[in-house]
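Letter by letter, the chains look like this.
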Amino acid sequence: MKYTITIEETISDTFCLEANSLEEAKEKAIANYNNSVFVLEPGNLIETNVLVENDKENSGWFEL
């Protein structure tokens, strides 16, 4: 029987930037992320979750 395995990782990292307001900081953070200035590699692995499934059944998400 064939199964599909889905792996989801949550990673985080901390960055600093200068801004005049929270809204400006949010906008700069989005721009920096979209322009690959803020890159989460390798980052800090927070959790890894796995889902195993086929057409008839699935395991539900579980932490690896």
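Everything below is about the structure printed above this text.
As the structure is a computational prediction, the values presented were derived from the model and not from experiment.

Student: How should the pattern of salt bridges be read in this particular structure?
Tutor: Between side chains of opposite charge, a pair can form as their charged atoms come close. Evaluation of the coordinates by the stated rule reveals two salt bridges. A salt bridge links Lys26 to Glu23, with the shortest nitrogen-to-oxygen separation between them at 3.8 Å. With Lys26 and Glu23 both in helix α1 (residues 22-34) and three residues apart, the pair spans about one turn of that helix. Classification of Lys26 by relative accessible area gives partly exposed; the value is 47%. Measuring nitrogen to oxygen at the nearest pair gives 3.5 Å for the salt bridge that ties Glu24 to Lys28. Of this pair, Glu24 and Lys28 both sit in helix α1, separated by four residues, roughly a single helical turn.

Student: Can you walk me through the environment of Phe15 in this structure?
Tutor: With respect to the helices and strands, Phe15 occurs in the loop between β1 (4-12) and α1. When the C-alpha positions of Phe15 and Asn54 are compared, they lie 40 Å apart, and in sequence the two are 39 residues distant.

Analysis parameters
Residues numbered from 1 in each chain as written. Predicted model: local features only at pLDDT ≥ 70, side-chain atom pairs only at ≥ 80, totals over all residues. Heavy atoms only, no water. Salt bridge = Lys/Arg side-chain N within 4 Å of Asp/Glu carboxyl O. Helix = DSSP H or I, 4+ residues; strand = E, 2+ residues; numbered from the N terminus. Buried < 20%, exposed > 50% of the residue type's maximum accessible area, 1.4 Å probe, protein only.

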